[in-house]
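Here is how the chains run, residue by residue.
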Amino acid sequence: MASSTTRPDTSANADQNDAHQVNDEHDVARRLLDSSAKLSYDPRTEVDWDTPLDESYHGASPEWSTLYGTSYWREMTETQRKELTRQEAASVAGTGIWFEIILQQMILRDVYAKDPSQDKVQWALTEIADECRHSIMFARGAKKLRAPAYQPRFLARELGRAFKTLAFGEAAYAAILVAEEVLDVMQRDWMRDERVVPFVRTINNIHVVEESRHMKFARDETRKRLAKAGWVRRQINAFVISIASYVIVTSMVNKKVYATAGLDEERALAEARANAHHKSMMRSSCAGLMEFLASARLLTKPALIFYKRAHLI
């Protein structure tokens, strides 16, 4: 008879847990690959690039404009409002391109030298292919909106350069999630809004559908990589993610959009910075994201400072 004091075979249990985790990762990646095979778009043929820009439409839902609800907005003509939303949509697209290029480099670094026959690696490469198409799509869309090549300010670009080189694990994937979640909420509004120019609605629809898979992957990777994280690691990464979030969100609308739209840039900037309506829109768009970060114990006190400054909470 076996002794009741025999220690359990913990190594066997650990092996079983590791195998279970690998299977879970395989299942998630396989489902995402299957979804991508069934529902993906080619922007070259799906988007109407040939029809000239119809200036009777907005470029984004007016309620998402940084000036909506301000005294300046009330003084503007409808033509000026539409031009402003087109420039703001182009600026958001430019920021999207900037971060998608960062994202691609982080994912490539993450899968470097890993077994390419694994579903997880193949999904990562699929996501990179999606992002390449999205970046080209955003660039063509901004050009059709007759906008200059908006880019984040110099400091944001240099911080992005450091982040793409140094960020790894949960810091990289959670930052990816932040950028995608914020874009997702506003683009869901834009793609349903008949006031928005049709080709922009198509672009938003493509991005929302395909990014939903990317967000699923980012959430799963963030949870998995935090599973064994200690207190110090969690504190450091929570702080890094919050700074990245702040830089991304505050870079979405370039200050040059106001002058390009024919407005007084100094006055527009002042009213945009004080716009309670836009701050409320940003907070509501991030409610689900903040719940996820809280569940992952990434809403630390230092991190909250930056989320509040970016009006995400």
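Owing to the predicted nature of the structure, the values given are computational and were not obtained by experimental measurement.

Calculation notes
- Residues numbered from 1 in each chain as written.
- Predicted model: local features only at pLDDT ≥ 70, side-chain atom pairs only at ≥ 80, totals over all residues.
- Heavy atoms only, no water.
- Helix = DSSP H or I, 4+ residues; strand = E, 2+ residues; numbered from the N terminus.
- Rg over C-alpha atoms; globule rule 2.2 N^0.38 Å.
- Buried < 20%, exposed > 50% of the residue type's maximum accessible area, 1.4 Å probe, protein only.
- Contact = heavy atoms within 4.5 Å.
- Areas by Shrake-Rupley, 256 points an atom, 1.4 Å probe, with all protein chains shown as cover.
- Lys, Arg positive; Asp, Glu negative; His and termini not counted.
- Charge placed at Lys NZ, Arg CZ, Asp CG, Glu CD.
- pLDDT = per-residue confidence, 0-100.
- Axes fitted to C-alpha atoms, helices over the stretch in contact; angles between N-to-C directions.
- Parallel < 35°, antiparallel > 145°, perpendicular 65-115°, else oblique.
- Left-handed = near helix turned anticlockwise from the far one by under 90°.
- Nonpolar A, V, L, I, M, F, W, Y, C, P; charged D, E, K, R; others polar.
- Salt bridge = Lys/Arg side-chain N within 4 Å of Asp/Glu carboxyl O.
- Phe/Tyr/Trp six-rings, centres within 6.5 Å; stacked < 30°, edge-to-face > 60°.
- Lys NZ or Arg CZ within 6 Å of the ring centre and 35° of its normal.

## A few points about the overall build of the protein
Summing up its helical and strand segments, the protein has 14 helices and 0 strands in all. Starting at the N terminus and walking to the C terminus, you meet the elements of the protein as α-α-α-α-α-α-α-α-α-α-α-α-α-α. For 313 residues, the compact-globule estimate of 2.2 N^0.38 gives 20 Å, and the protein sits close to it at 22 Å. In terms of overall dimensions, the protein has a C-alpha envelope of 90 × 45 × 30 Å along the principal axes. Counting every position in the protein, which comprises 313 residues, the buried fraction comes to 50%. Sequence separation of 24 or more characterises 83% of the internal contacts of the protein that already satisfy a separation of 6 or more. When the accessible surface of the protein is summed, it comes to about 15600 Å², and 56% of that surface belongs to carbon and sulfur atoms. For the protein, the centre of its 44 positive side-chain charges and the centre of its 42 negative side-chain charges are spaced 5 Å apart.

## Things to note about unusual backbone geometry
The backbone phi angle of A113 is positive, close to 70°, even though this residue is not glycine. Relative to the helices and strands, A113 resides in the loop between α4 (78-111) and α5 (119-144). Even without glycine at this site, H311 takes up a positive phi of about 60°. Tracing the backbone through its elements, the reader meets H311 in the segment after α14 (301-309). Taking the relative accessible area as the measure of exposure, H311 reaches 27% and is therefore partly exposed.

## Let's talk about the confidence of the model for the protein
Of all residues in the protein, 92% have pLDDT values of 70 or greater, and the mean over the chain is 92. Throughout residues 1-8 the model reports pLDDT below 50, and contacts reaching past four residues in sequence, or to other chains, amount to 0 contacts. Low confidence marks residues 14-20, where pLDDT is under 50. Its contacts with residues over four positions away, or in another chain, come to 0 contacts.

## Concerning the packing of helix α7 (residues 169-192) against helix α8 (residues 198-226)
Following both chains from N to C, one finds α7 and α8 inclined at 150°, their axes separated by 8 Å at the closest point. Classified by the interaxial angle, the pair formed by α7 and α8 is roughly antiparallel. The handedness of the crossing between α7 and α8 comes out as left-handed. Here the residues of the contact of α7 with α8 are counted per class, giving 12 nonpolar, 7 polar and 11 charged.

## Digging into the pattern of salt bridges
Considering all chains together, one arrives at 23 salt bridges under this definition. One salt bridge connects K120 with E221, and the closest N-O pair in it is separated by 3.4 Å. In this pair, K120 sits in helix α5 while E221 sits in helix α8, placing the two residues 101 residues apart along the sequence. Note on accessibility: K120 and E221 belong to one class, buried.

## Concerning the packing of aromatic side chains
According to the stated counting rule, one finds 6 aromatic pairs in the structure shown. Note on F239 and F306: the rings are 5.6 Å apart at their centroids and 75° apart in plane angle, and the pair reads as edge-to-face. Of this pair, F239 sits in helix α9 (residues 231-250) while F306 sits in helix α14, and the two are 67 residues apart along the sequence. Overall, F239 belongs to the partly exposed group, its relative accessible area being 33%. Members of the aromatic cluster, connected to one another through ring pairs, are W123, Y173 and F217. The side chain of R219 reaches across the aromatic face of F292, ending 4.8 Å from its centre. Sitting over the ring of Y72, R267 keeps its end group 4.2 Å from the ring centre.

## A few points about the side chain of D110
When you line up the elements, D110 lands in helix α4. Among the residues examined, D110 registers a relative accessible area of 17% and is labelled buried. Once you skip the residues sitting within four places of it in the chain, D110 turns out to touch Y173 and R225.

## Brief notes about the packing of α7 against α9
At their nearest, the axes of α7 and α9 sit 9 Å apart, and the two run at 35° to each other. Where α7 crosses over α9, the handedness of that crossing is right-handed. Taken together, the residues of α9 that come into contact with α7 (itself represented by E170, A171, A174, A175, V178, A179 and V182) are R233, N237, V240, I241, A244, S245, I248 and V249.

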